[in-house]
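Structure assessment
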Amino acid sequence: MSDIRVRFSPAPTGMMHIGNARTALFNWLYARHTGGTFILRIEDTDVVRSTTEAVEQIQVVLRWLGLDWDEGPVLQSTRFDRYLEAAARLREQGDAYECFCTEDEIKARNEAARAAGAVPGYDGRCRDLTAAERSAFVAEGRAASIRFRTPDDGRSEFVDVVRGEVSVAWSTVSDFVIVRSNGTPVFFLANAVDDLEMAISHVLRGEDLIDSTHRVLALRHALGANDQPAYAHLPLIMGPGGGKLSKRHGAVSVEEYRDAGYLPAAVVNYLALLGWAPADDREVLSLDELIAAFELERVHHAAATFDAQKLEWLNGEHIRRLPLSDLTAAVLPFARERYGARLDVRVFEAAVALAQERATTLAQIADQAEFLFTPDAELVVADDSWEKVTRIERAAEILDCALAHLETCEWTVEGIDLRSAVDALGVKARKALPVVYAAIEGRTAGLPLFDSIFLLGRDSVLDRLRRARERLAGV
RNA sequence: GCCCCCAUCGUCUAGUGGCCCAGGACGCCGCCCUUUCAAGGCGGUAACGGGGAUUCGAACUCCCCUGGGGGCACCA
């Protein structure tokens, strides 16, 4: 095992977002590619927003995606004493100080600054309070937060693995809170302490955190570290209309894709291609192939727009590559949910085999098998499909012809083949068969017709054809 | 407003000074196949944001502009 140690450290404050999953994936791929260690750390320092459900969901999603972790989950909420001890040390060193300004006061000041066209940010008024001033605030009933004192001048710089040199003037970074007035530590502090203690060697995270890196690094060094992890800031994932991918763009949680019938391998494959590409032209890659090909050096700089259509295409590709038994197992839950006790697993497996070469989602496969598990009397041809049927010339004759053939033919897919029968009628199969199709399956799109007829069985087929025939006659 | 990051087809990308009047994939369009619809096969459409500079030579280097994105919380 190499010395490479990476961590995925989400805040458990909501659902697992596509962007989070991508960050987790890149960390995991990097660890697996290099033989390093992948750590799951839950950054739940904000006790108000964090939920245990979210902590659970993060793990459920990670497992579903196939991203296993070697250490953790480490909950920061169980390690507050370490962070607070670090904060105390920083205060003793003079790197941090008590601030008695309230959240509301600061918010008001920032708004005023903004309105006046000035730069918002903490103005440093509690930086050099005397003991007397401090006790006066305490006497007033004010609780203190602890702020880190950022340098007044100079620049903060670090070399980003994907972006190269990144720097900012310290004069533009104001003192920031590391311990809230309620006594709980803040992200920056916990992050710096844990990365140090856990000997994290590489930090891969979204580009939205690039500015916070300077602060975490300053804390880390104030805490006595003389080294620092390599940072790699990943390009953000944007929504189709622009801006960070969010709910307004449609499905953004991994679970939504899972529930819509996407394969984890396809989601992972697609996410890997967002901001990264292998050295060759391959696009459809398995998890193992991704691990082998993944290189941090090939990560893109610019933000990428999420394209649901390409994901869907990729999902179809992965569906086609799955062994039939695996695919059936994957679709079964979708079918059970839809057809319950009516589901005949043997028949269903045959339907999955037919659907495998044409479907793009698991849900679609389950849907296409619907006609097999619907009682004949309950099968209704949807209005739009029926309308198409009524517009086909000689539809009644076609149904009669199909009935005549299917009443007596050998019950094999070859025997069922209606083409010559319809041909004898003088109607092209392409034109005629949609009538039969709608009568049997209730819609005009789905599984191949003759196989569908074979699977349904003669009695049901004849029954459905007769019903359609009667409806056509207006009975 | 201030700070930071970024910039190749509609989208994801290949490309690190000549192999590029730019390659692949999704989408879209057309054709073929065909047992509906798909899937598949074949073909087509389509990009180096603009301006300078360096160079014998720039998609690739530098500068400016423009454009896009992110940050400026007692969220992470």
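Attention in this report is confined to the structure presented alongside it. (Residues numbered from 1 in each chain as written. Chains lettered and ligands numbered in written order. Predicted model: local features only at pLDDT ≥ 70, side-chain atom pairs only at ≥ 80, totals over all residues. Heavy atoms only, no water.)

Here's the deal with the overall build of chain A
Filter applied, for reference: Only DSSP runs of H or I reaching four residues or more are called helices, and only runs of E reaching two or more are called strands; each is numbered from the N terminus. Radius of gyration here is computed from C-alpha atoms only, and the compact-globule reference equals 2.2 Å multiplied by the residue count raised to the power 0.38. Any residue under 20% of the maximum accessible area for its type is buried, any over 50% is exposed, and the rest in between are partly exposed; the area is computed with a 1.4 Å probe on protein chains only. Note on areas: these come from Shrake-Rupley sampling with a 1.4 Å probe, and a residue is covered only by the protein chains present in the view. Neither His nor the chain ends contribute to the count of charged residues, in which Lys and Arg are positive and Asp and Glu negative. Where a charge lies is defined by one atom per residue type: Lys uses NZ, Arg uses CZ, Asp uses CG and Glu uses CD.
If you tally the helices and strands in chain A, you get 21 helices and twelve strands. Relative to a compact globule of 475 residues, whose C-alpha radius of gyration would be 23 Å, chain A shows 31 Å and is clearly more extended. Referenced to the eigenvectors of the C-alpha coordinate spread, the extents of chain A come out at roughly 105 × 50 × 40 Å. By the burial criterion, 49% of the 475 residues in chain A qualify as buried. Within the structure as shown, chain A displays about 22200 Å² of accessible surface, and the carbon and sulfur contribution to it stands at 50%. The averaged location of the 73 negative side-chain charges in chain A is 3 Å from the averaged location of its 54 positive side-chain charges.

Side note on the environment of Ala-369
Stated precisely, the cut-off is as follows: Working rule for contacts: check all heavy atoms of both residues, and any pair within 4.5 Å makes them a contact.
For Ala-369, the position within the fold is in the loop between helix H14 (362-368) and helix H15 (383-390). Given the relative accessible area of 0%, Ala-369 is considered buried. Once you skip the residues sitting within four places of it in the chain, Ala-369 turns out to touch Tyr-339, Phe-348 and Ala-351.

Examining the pairing of strand S2 (residues 37-42)
Which entries qualify depends on this criterion: Here, strands pair whenever DSSP counts at least two bridges between them. Seen with the strands pointing away from the viewer, any crossover whose path from the first strand over the helix to the second strand runs clockwise is right-handed.
In terms of burial, S2 is largely enclosed, as six of its six residues are buried. Neither face of S2 is left uncovered, since the one carrying Thr-37, Ile-39 and Arg-41 and the one carrying Phe-38, Leu-40 and Ile-42 both have all their residues buried. Here strand S1 (residues 5-8) runs beside S2; their pairing, made up of four bridges, is parallel. Looking at S2, one finds that Phe-8 is bridged to Leu-40. Crossover handedness for the path S1 to helix H1 (residues 18-34) to S2: right-handed. Both S2 and strand S3 (residues 71-75) contribute to a ladder of three bridges, which runs parallel. Of the residues in S3, the one forming a bridge with Ile-39 is Glu-71. Chirality of the crossover, the property in question, places the unit of S2, helix H2 (residues 52-65) and S3 among those that are right-handed.

A few points about the protein's contact with RNA strand B
Under the convention used in this document: Proximity is defined per residue: any heavy atom of the residue falling within 4 Å of a molecule or strand makes that residue near it. Under this definition, polar contacts are N or O atom pairs within 3.5 Å; protein pairs additionally need one hydrogen-donor-capable and one acceptor-capable atom, and for neighbouring residues in sequence, both atoms have to be side-chain atoms. Under the scheme applied, nonpolar residues are Ala, Val, Leu, Ile, Met, Phe, Trp, Tyr, Cys and Pro; charged residues are Asp, Glu, Lys and Arg; polar residues are all the others, including Gly.
Around RNA strand B, a shell composed of 68 residues is seen, among which Cys-101, Arg-180, Gly-275, Arg-358 and Arg-419 lie nearest. Between RNA strand B and Leu-273, the relevant distance is 2.8 Å, taken from a sugar or linking oxygen to a main-chain nitrogen or oxygen of the residue. Phe-450 places a polar main-chain atom, nitrogen or oxygen, 3.3 Å from a base oxygen of RNA strand B. Residue assignment for the surface near RNA strand B shows that the elements contributing at least two residues are helix H4 (103-115), strand S5 (145-148), strand S7 (164-169), helix H6 (187-197), strand S12 (304-305), helix H11 (308-321), helix H19 (429-441) and helix H20 (449-456). Of all the elements, H11 adds the most residues to the surface near RNA strand B, at five residues. A breakdown of the residues in the surface near RNA strand B according to their chemical character gives 27 nonpolar, 16 polar and 25 charged.

Here we look at the packing of H1 against helix H9 (residues 264-272)
We apply this condition: Orientation is described by lines fitted to C-alpha atoms, with helices fitted over the stretch in contact, and by angles between N-to-C directions that extend from 0 to 180 degrees. Orientation categories follow fixed angle ranges, with anything under 35 degrees roughly parallel, anything over 145 roughly antiparallel, 65 to 115 roughly perpendicular, and all other angles oblique.
Direction vectors running N to C along H1 and H9 enclose 85 degrees, while the axes themselves pass 10 Å from each other. Relative to H9, the element H1 lies roughly perpendicular. Contact with H1, carried on its side by Ile-18, Ala-21, Arg-22, Leu-25, Phe-26 and Leu-29, involves Val-268, Leu-271 and Ala-272 of H9 and no other residues of that element.

Some thoughts on the pattern of salt bridges
Selection rule: Any Lys or Arg side-chain nitrogen located within 4 Å of an Asp or Glu carboxyl oxygen qualifies as a salt bridge.
Applying the stated criterion across every chain yields a total of 40 salt bridges. Between Asp-367 and Arg-338 there is a salt bridge whose closest N-O contact spans 2.7 Å. Of this pair, Asp-367 sits in helix H14 while Arg-338 sits in helix H12 (residues 324-339), placing them 29 residues apart in sequence. Assessed through its relative accessible area of 30%, Asp-367 is described here as partly exposed.

Here we look at the packing of aromatic side chains
For the record, the criterion: Any pair of Phe, Tyr and Trp rings, taking the six-membered ring for Trp, is counted once the centres come within 6.5 Å. Such a pair is stacked with planes under 30 degrees apart, edge-to-face with planes over 60 apart, and tilted for the rest. In this scheme, the term charge over a ring applies when either NZ of a lysine or CZ of an arginine sits within 6 Å of the ring centre and within 35 degrees of the ring normal.
Tallying each qualifying case throughout the model produces 13 aromatic pairs. Aromatic pair Tyr-339 and Phe-373: ring centres 5.4 Å apart, planes at 35 degrees, arrangement tilted. With Tyr-339 in helix H12 and Phe-373 in the loop between H14 and H15, this pair connects stretches of sequence that are 34 residues apart. Classification of Tyr-339 by relative accessible area gives buried; the value is 11%. Linked through ring pairs, Phe-148, Phe-176, Phe-187 and Phe-188 together constitute an aromatic cluster. Looking at Arg-22, its charged tip hangs above the ring of Phe-26, at a distance of 5.0 Å from the centre. We note Arg-147 situated over the ring of Tyr-122; from NZ or CZ to the ring centre the distance is 3.6 Å.

Here we look at the nonpolar core
One recurring pattern in soluble globular proteins is that nonpolar side chains are buried together. Counted only if it meets this: Put simply, buried Ala, Val, Leu, Ile, Met, Phe, Trp, Tyr and Cys residues joined by side-chain atoms within 4.5 Å make one nonpolar core.
Grouped together as the largest cluster of nonpolar side chains are 58 residues, with contacts concentrated most on Phe-348, Leu-406, Leu-418, Val-436, Ile-453 and Leu-465. Ranked by the residues each element gives to this core, the list is headed by H19, at eight residues. The contact partners of Leu-418, leaving out residues within four places of it in the chain, are Ala-402, His-405, Leu-406, Leu-433, Val-436, Phe-450 and Ile-453. Listed in part, the 53 residues of the second largest apolar core include Leu-25, Ile-58, Ile-291 and Ala-293.

Points about the state of the cysteines
This is how it is decided: For the purposes of this analysis, a disulfide is any pair of cysteine sulfur atoms at a distance within 2.5 Å.
The final tally for this structure, using the stated rule, is zero disulfides. No disulfide involves Cys-126; its sulfur sits 3.6 Å from that of Cys-101, the nearest cysteine. There is no disulfide at Cys-409, and the cysteine sulfur nearest it, in Cys-401, is 11 Å away.

Here's the deal with the side chain of Thr-361
Residue placement: Thr-361 occurs in the loop between helix H13 (345-356) and H14. In terms of polar contacts, Thr-361 uses its side chain to reach the backbone amide nitrogen of Gln-364, at 3.0 Å. Once residues within four sequence positions are removed from consideration, Thr-361 is found in contact with Ala-260, Gly-261, Tyr-262, Asn-315 and Ile-319.

What about the sheet that holds strand S4 (residues 96-99)?
Where strands meet in a sheet, backbone hydrogen bonds hold them as pairs that are either parallel or antiparallel. The antiparallel open sheet is built from three strands, whose spatial order is S4-S5-S8. Among the strands making up the open sheet, the edge pair consists of S4 and strand S8 (176-179). On average, each strand axis in the sheet is inclined to that of its neighbour by 45 degrees, with strand direction left out of account. Summarising the sheet, S5 and S8 pair through three bridges and their orientation is antiparallel. Considered in S8, the bridge of Phe-148 is made with Phe-176.

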